[in-house]
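# An overview of the molecular structure
One letter stands for each residue in the lines below.
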Amino acid sequence: MYNFEYKNPVKIVFGKGTIPQVANEVPKGAKILMTYGGGSIKRTGVYDQVKNALKDWQLIEFGGIEPNPHFETCMKAVEVVKSENIDFLLSVGGGSVLDATKFIAAAARYEGNDPWDILATGAEVKAALPLADVLTLPATGSEMNGNSVITKAATQEKKAFGSPLVMPQFSILDPECVFTLPDRQVANGVVDAFVHVMEQYLTFNVNAPLQDRLAEGILLTLIEEGPKVLANRKDYETAANFMWSATMALNGVIAVGVPQDWATHMIGHELTAFHGIDHGRTLAIVLPGMMNLKRENKKEKILQFGKRIWGITKGTADERVDAAIAKTIEFFESLGVPTTLPEYDVPASTIDKISLRFQESGMKFGEKGDIDYKEVEDILKDRL
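Below is a short write-up of the structure. (Residues numbered from 1 in each chain as written. Predicted model: local features only at pLDDT ≥ 70, side-chain atom pairs only at ≥ 80, totals over all residues. Heavy atoms only, no water.)

### Some points on the overall build of the chain
- If you tally the helices and strands in the chain, you get 15 helices and 8 strands.
- A compact globule built from 384 residues should have a C-alpha radius of gyration of about 21 Å, and the chain, at 20 Å, falls within 12% of that.
- Along the longest, intermediate and shortest principal axes, the C-alpha atoms of the chain span 65 × 45 × 45 Å.
- Here the chain holds 384 residues, and the buried ones make up 57% of them. (Helix = DSSP H or I, 4+ residues; strand = E, 2+ residues; numbered from the N terminus. Rg over C-alpha atoms; globule rule 2.2 N^0.38 Å. Buried < 20%, exposed > 50% of the residue type's maximum accessible area, 1.4 Å probe, protein only.)

Okay, structure coming up:
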């Protein structure tokens, strides 16, 4: 196991009926900008719960944040923050709203010329507004980390940044929010959380058995609970298990002391940037190709994954790897999530665009830093 440091200051308030507790957590006297998406929180009653809880605070609203939040939209919110002297941000929605809110928090205090540099060049986040969230959609794990992904619509770029300064002060997780979610969002959330675990687990062995078994526990829980959530949205216990699994998948616990990959996400971001495909669905496309093309790098872990998660014990090593990939595809597709590029009407020409983008950046990534533009091309061609 590698050396590591770990700190997670996010306070989690979890359970049914917890949304009104936002009034106990927001600083007294704060001037709040409440961010949200397309308005589903108004249809589900979450909006009214938050508004009623914060009736004694100065509360300004900023809605319309996209499912893949746009830099351009975030910068409009930054203008509101500055003009209204906002001193606290409250995200009410899913991971995309929270990702946007994190960027708004950093951009509002950025002293450079262009806040896009936070994403494009890794400019240091030296200050950020305090923020918190009421989470309505389990998926990204953004409620318990300092990560954010933003899309620049003008250039079709999707970039990520991370900073401890944009970790939420608190996150309220009421599993009853799952009751009103459409099938597509639930399925995307299960896949997103699943692949988050895989990015931290499916690398190479460094003798960290506890991290492995924690990761496997999350995977097994998602496999068990995901289909049950889809079958019965009003099952509170199942919704709670799903929501907590998504949080645990990316709060850093299973990442300590082990190598991490994140290549599936980096490639998937490009599919969203060029075609607007749901984030979770891009991961379902890319992961099987990643497992296939990097089978030698990842062989020991894929075999362990196949045995412990899918019960695959018979056949040659290559046959067991093939079976593990097939079972993973089968699981994603059982949720109603297609796993090949043609099913999303993505032409082969997009592969060339994505490969060229990685070639121009000169970037090499993956847990061994050995994935370049040529391998990106091969991974995507595997999904045609």
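The structure having been displayed, the exposition proceeds.
### Focus: helix H4 (residues 71-83)
- Its 13 residues place the ends of H4 18 Å apart at the C-alpha level, agreeing with the 18 Å of an ideal helix rising 1.5 Å per residue.
- Looking at the buried residues of H4, the elements they touch are strand E2 (31-35), strand E3 (58-62), strand E4 (88-93), helix H5 (95-107) and strand E6 (147-152). (Expected span 1.5 Å × (residues − 1). Contact = heavy atoms within 4.5 Å.)

### Some words on the pattern of salt bridges
- Within the structure shown, the criterion is met by 20 salt bridges.
- One salt bridge connects Arg281 with Asp278, and the closest N-O pair in it is separated by 3.8 Å.
- The salt bridge involving Glu377 is made with Lys381; its shortest N-O contact spans 2.9 Å. Here Glu377 pairs with Lys381, and both are found in helix H15 (residues 373-381), just 4 residues apart, close to one helical turn.
- Overlapping salt bridges, with partners in common, bring together Arg184, Asp278 and Arg281 in one network. (Salt bridge = Lys/Arg side-chain N within 4 Å of Asp/Glu carboxyl O.)

### A word on the packing of helix H7 (residues 183-201) against helix H13 (residues 317-334)
- At a closest axis distance of 10 Å, the pairing of H7 and H13 adopts a crossing angle of 150°. The orientation of H7 relative to H13 falls into the category roughly antiparallel. Two packed elements cross with a definite hand, and for H7 against H13 that hand is right-handed. Residues Val190, Val191, Phe194 and Val195 of H7 form the contact with H13, whose participating residues are Thr328, Phe331 and Phe332.
- Its residues placed into classes, the contact of H7 with H13 shows 6 nonpolar, 1 polar and no charged. (Axes fitted to C-alpha atoms, helices over the stretch in contact; angles between N-to-C directions. Parallel < 35°, antiparallel > 145°, perpendicular 65-115°, else oblique. Left-handed = near helix turned anticlockwise from the far one by under 90°. Nonpolar A, V, L, I, M, F, W, Y, C, P; charged D, E, K, R; others polar.)

### Points about the environment of Leu119
- Position of Leu119 among the secondary structure elements: in helix H6 (residues 117-120).
- Put simply, Leu119 and Phe161 are 42 residues apart on the chain and 5.5 Å apart in space, counted from C-alpha to C-alpha.
- Those residues in contact with Leu119 that sit more than four places away from it in its chain are Phe103, Ile150, Lys159, Ala160 and Phe161.

### Digging into the packing of aromatic side chains
- Tallied over the full model, the rule gives 13 aromatic pairs.
- Summarising the aromatic geometry, the rings of Phe71 and Trp116 are spaced 5.3 Å apart at their centres and angled 70° between planes, so their arrangement reads as edge-to-face. You can see Phe71 sitting in helix H4 and its partner Trp116 sitting in the loop between H5 and H6, a full 45 residues away along the chain. Across the pair, Trp116 and Phe71 agree in class, each one buried.
- When the ring of Trp310 is compared with that of Phe331, the centres are 6.2 Å apart and the planes differ by 55°; the resulting orientation is tilted. Residue Trp310 is found in helix H12 (residues 299-310), and its partner Phe331 is found in helix H13; the two are separated by 21 residues along the sequence.
- Relative accessible area serves as the criterion here: at 18%, Trp310 is assigned to the buried category.
- Taken together through their ring pairs, the aromatic side chains of Phe194, Phe305, Trp310, Phe331 and Phe332 make up a single cluster.
- The cationic tip of Lys42 hangs over the ring face of Tyr47; the distance from NZ or CZ to the ring centre is 5.0 Å.
- Over the aromatic face of Phe204 sits the side chain of Lys368, whose NZ or CZ is 5.5 Å from the ring centroid. (Phe/Tyr/Trp six-rings, centres within 6.5 Å; stacked < 30°, edge-to-face > 60°. Lys NZ or Arg CZ within 6 Å of the ring centre and 35° of its normal.)

### So, the nonpolar core
- In this structure, Phe194, Met198, Ile267, Leu271, Phe305 and Leu380 are the most contacted members of the largest nonpolar core, which totals 68 residues.
- In terms of residues, this core owes the most to one element, H7, which gives 10 residues.
- One finds Ile65, Met75, Ala100 and Trp116 within the second-largest nonpolar core, a separate group that totals 31 residues. (Core = buried A, V, L, I, M, F, W, Y, C linked by side-chain atoms within 4.5 Å.)

### Remarks on the sheet that holds strand E5 (residues 131-135)
- Reading across the sheet, the 6 strands line up as E1-E8-E5-E4-E2-E3 and stay open at both edges, with parallel pairing between neighbours. If you trace the sheet from one side to the other, it starts and ends with strand E1 (11-14) and E3, each paired once. Averaged over all adjacent pairs, the angle separating strand axes in this sheet is 20°, with direction ignored.
- Both E2 and E4 contribute to a ladder of 4 bridges, which runs parallel. Looking across to E4, one finds that Ile32 is bridged to Phe88.
- In the packing of H4 onto the sheet, the strands contacted are E2, E3 and E4, and the crossing angle to E3 comes to about 155°. (Pairing = 2+ DSSP bridges.)

### Observations regarding the side chain of Asn251
- With respect to the helices, strands and loops of the structure, Asn251 is situated in the loop between helix H9 (236-248) and helix H10 (263-275).
- Given a relative accessible area of 4%, Asn251 falls into the buried group.
- Those residues in contact with Asn251, other than ones at most four positions away along the chain, are Tyr6, Asn8 and Met144.

### So, the packing of H7 against H12
- Their axes nearest at 11 Å, the elements H7 and H12 cross at an angle of 135°. Our classification of the angle between H7 and H12 gives oblique. Both H7 and H12 take part in a crossing whose hand is right-handed. Judged by residue contacts, Phe194, Met198 and Tyr201 of H7 engage Lys301, Gln304, Phe305 and Trp310 from H12.
- In terms of residue class, the contact of H7 with H12 is made up of 5 nonpolar, 1 polar and 1 charged.

Everything listed is a geometric property; what it means functionally is a separate question.
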